[in-house]
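Listed below, chain by chain, are the residues.
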Amino acid sequence: MNDGSGLAAAPVLALSGISKRFGAVQALTDVDFEVFPGEVVALTGDNGAGKSTLIKVIAGTHAPDAGTIRFDGAEVSINSPRQAAALGIETVYQDLALCDNLDVAANMFLGRETVKGPALLGRLSDLDMERRALEVLKRLNVTTIRNVRSPVAMLSGGQRQSVAISRAVMWNSKVVLLDEPTAALGVAQTHEVLELIKELRAQGLGVVLISHNLHDVFEVADRIAVLRLGRNVATFRRDETTPEEVVAAITGVLETTK
Amino acid sequence: MGVQGFSNVRETRFWQRGFLASQSAYVLGALVVLIVVMALSSPNFLTERNISNVMQNFSFIAIATLGTTLVIITAGIDLSVGSTMALTATATSLAMRWLNDAGFYPFPGSAFILSVAAGLATAGIIGLANGFAVAKLKLAPFVTTLGTLSIVRGLTYVATQGRGTSPDGPDKGLFLAVTSARIPMPEGIPNLPVAFIYLIALALVMWVALNHTAWGKHVYAIGGNEAAARLTGVNVDRVKIGVYVLCSVSAGLNGIIISGWLGSAPANLANAYELTIIAAAVIGGANLFGGVGTAAGAIIGCILIEVIRNGLVLARVDPYWQQTLVGCIIVAAVFVDRLRSGRTG
Ligand SMILES: Nc1ncnc2c1ncn2[C@@H]1O[C@H](COP(=O)(O)OP(=O)(O)OP(=O)(O)O)[C@@H](O)[C@H]1O
Ligand SMILES: [Mg+2]
């Protein structure tokens, strides 16, 4: 289904020549990066390699100093998270995701509530939102959350991550960026989230997964991009590489060209 | 998928959910017990006259407590409400006198409308300044509003050289009636102070706004996780400025009502009321860490404080014990809440 042959011909998101500097730190240098529809690309690399910075460039939080971003073939500039969302790019941040005191449905609709009447003062359509939230969870096979009226504080780490990811994909998004979605999770909950990522791929989304965990990466990714010191040093097809080779690229023992 | 063994959504018992799980419910229970004890021990407690007085007295702080609760839900605090009450009352009275001196009275009631508008506008500006400092300049709410407390109280003294003022002019009677009248009720029902009616109306508006509008969800979201709210596109700064303005205006309204009852606006009006108001909000279940609080809770907190004061007076206990008791209740309420949330995890 995603061994390369079944992939769409054109990438949904293509970055080329991206550079970003923070004062004296050159966080990204001439980085190229592509995501195809229906593909999971893992973005890996050592601490400080520039993974989060690259994600933030795509998400509209950091403007790149140089380079171009193409979305669906057209060149775009993404200046804010709102613009990214309007294009169909959603980001799931690791810990900044949810409001514990609100319920699942309220979290999924936060900032984009469905209301009857004028935008801010109109009456909330609670039932509509509840129904849609349940639909999305069901479509994504998130079976462990049955009650979208439970406060998020009651959920397990995996369920919370599932809510955050479901929220990201319910707005007709085409690309989802996940920054270490399994970092704080146990075995079963990690499995839960990885299944969800596979589900997103099956539904045709492009998924970018930042992870330090090569086991997770090898379980779900179709391609593995390695950043080191702000440069992309290698891109592997999952079925043509080994964890040893990826580790070598991360640590700089091996200089493969992409 | 054959997925299994995931921790499911925790089953919750009815007392761990909704209103029954809130601190407000425990405090309401305590309030009911207190009222029963007092009704049994003092024959004067449940008289129409006393009930009417109690309603009037807690209404004097409860409107401001509604606004303060909004600010507390966003994890903010407003220490300037007492001063704002005073400056608003002063501005209203001064505007009324000034209109009288200027002989500007185009239609009956105009002096009343214009002076109350001037007072509430003053309150709104104070709230705007607080909100701007907190939301845009990113100053800590505690320190900011501590500053405003002092600035605004100072302005109140400056405005009347410390002597205070009082409403005057053709609409004085109307002003006193609208702020402090009691609506006669049939035999057996306590007369309704108008302030109480305003309170209930505003509490209903607040309840609808918090529970049934996107704005309300945003207020709770900011208190729950401000960064998340911002990232999901909530206009955090605008909502924050909004709650500070509403808080100041609600305090201003209470200030005007108190000055109507007093018949004057002394410069020390509502001095140190911010402590009682914040205490009432916290007793009623508003969480100073943000994310939790309701209109009903705010009112319950105010009633509890007033019933204690009233009870001490009726029992001929030195009323100065009130402060000590209120302090104990704050700690007890927070402690019970801590025990309960410890139980639910
Ligand atoms: N806002 C910023 N201001 C200054 N320097 C920054 C900023 N953000 C990132 N950097 C620097 O850019 C470099 C890349 O950081 P980045 O967070 O992208 O790394 P990362 O690959 O995500 O690392 P980790 O695995 O630790 O999350 C680091 O040297 C970091 O210190
Ligand atoms: Mg990072």
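The model shown is predicted, which means the values in this text are computed figures rather than measured ones. (Residues numbered from 1 in each chain as written. Chains lettered and ligands numbered in written order. Predicted model: local features only at pLDDT ≥ 70, side-chain atom pairs only at ≥ 80, totals over all residues.)

Q: With reference to specific residues and values, describe helix α11 (residues 273-283) of chain B.
A: All names here are of chain B. Most of α11 sits inside the fold, with 10 of its 11 residues counted as buried. If you check which residues of α11 are buried, you get Tyr273, Glu274, Thr276, Ile277, Ile278, Ala279, Ala280, Ala281, Val282 and Ile283. Immediately beyond the C-terminal end of α11, within one or two residues, lies glycine 285, with a positive phi of roughly 110 degrees. (Buried ≥ 20, exposed ≤ 12 C-beta atoms within 10 Å, placed from the backbone. Helix = DSSP H or I, 4+ residues; strand = E, 2+ residues; numbered from the N terminus.)

Q: Please provide a residue-by-residue account of the environment of Ala234(A), values included.
A: As for its position among the elements, Ala234(A) is in strand β12 (residues 231-237). Each C-alpha atom, one on Ala234(A) and one on Ile224(A), is 8.1 Å from the other, the two residues being 10 residues apart in sequence.

Q: An account of the interface of chain A and chain B is needed here, citing residue identities and associated values.
A: Taken together, the contacts link 36 residues of chain A with 27 residues of chain B. Listing elements by their share of the side of chain A that touches chain B, those giving two or more residues are α2 (81-87), β8 (123-124) and α6 (187-202) of chain A. No other element matches α6(A), which puts 4 residues into the side of chain A that touches chain B. In terms of residue class, the side of chain A that touches chain B is built from 17 nonpolar, 11 polar and 8 charged. (Contact = placed C-beta atoms within 7 Å. Nonpolar A, V, L, I, M, F, W, Y, C, P; charged D, E, K, R; others polar.)

Q: Just give me the short version of the nonpolar core, but keep the residues and values in it.
A: In this structure, Val176(A), Leu209(A) and Met85(B) are the most contacted members of the largest nonpolar core, which totals 170 residues. For Leu209(A), the residues in contact, after removing those within four places along its chain, are Val40(A), Ala42(A), Leu43(A), Leu178(A), Ile197(A), Val220(A) and Ala221(A). (Core = buried A, V, L, I, M, F, W, Y, C linked by C-beta atoms within 7 Å.)

Q: How would you summarise the packing of helix α5 (residues 157-169) of chain A against α6(A) if you had to cite specific residues and measurements?
A: Residues and elements named next belong to chain A. Between α5 and α6, the least distance of the axes is 8 Å, while the angle of their chain directions is 15 degrees. By the angle between their axes, α5 is roughly parallel relative to α6. When you trace α5 past α6, the crossing you get is right-handed. Of the residues in α6, those in contact with Gly157, Gly158, Gln161, Ser162, Ile165 and Val169 of α5 are Gln189, Glu192, Val193, Leu196 and Leu200. In the contact of α5 with α6, the residues fall into 5 nonpolar, 5 polar and 1 charged. (Axes fitted to C-alpha atoms, helices over the stretch in contact; angles between N-to-C directions. Parallel < 35°, antiparallel > 145°, perpendicular 65-115°, else oblique. Left-handed = near helix turned anticlockwise from the far one by under 90°.)

Q: Tell me what's going on with the environment of Lys217(B), and back it up with residues and numbers.
A: Inspection of the secondary structure puts Lys217(B) in helix α8 (residues 214-224). The class of Lys217(B) is buried, set by 25 C-beta atoms lying within 10 Å. As for Lys217(B) and Thr148(B), which are separated by 69 residues in sequence, their C-alpha atoms are 28 Å apart. Discounting chain neighbours no more than four positions away, the residues touching Lys217(B) are Leu102(A), Ala106(A), Leu110(A) and Glu113(A).

Q: If you had to explain the site of ligand 1 to someone new, which residues and values would you point to?
A: Residue and element names in this part refer to chain A. Around ligand 1, the structure places Phe22, Val25, Ala27, Gly45, Asn47, Gly48, Ala49, Gly50, Lys51, Ser52 and Thr53. Looking at the shell around ligand 1, the elements that each hand over two or more residues are β2 (25-35) and α1 (51-59). A per-element tally of the shell around ligand 1 places α1 first, with 3 residues. Split into classes, the residues belonging to the shell around ligand 1 amount to 4 nonpolar, 6 polar and 1 charged. (Near = placed C-beta within 6 Å.)

In short, geometric facts, not functional conclusions.
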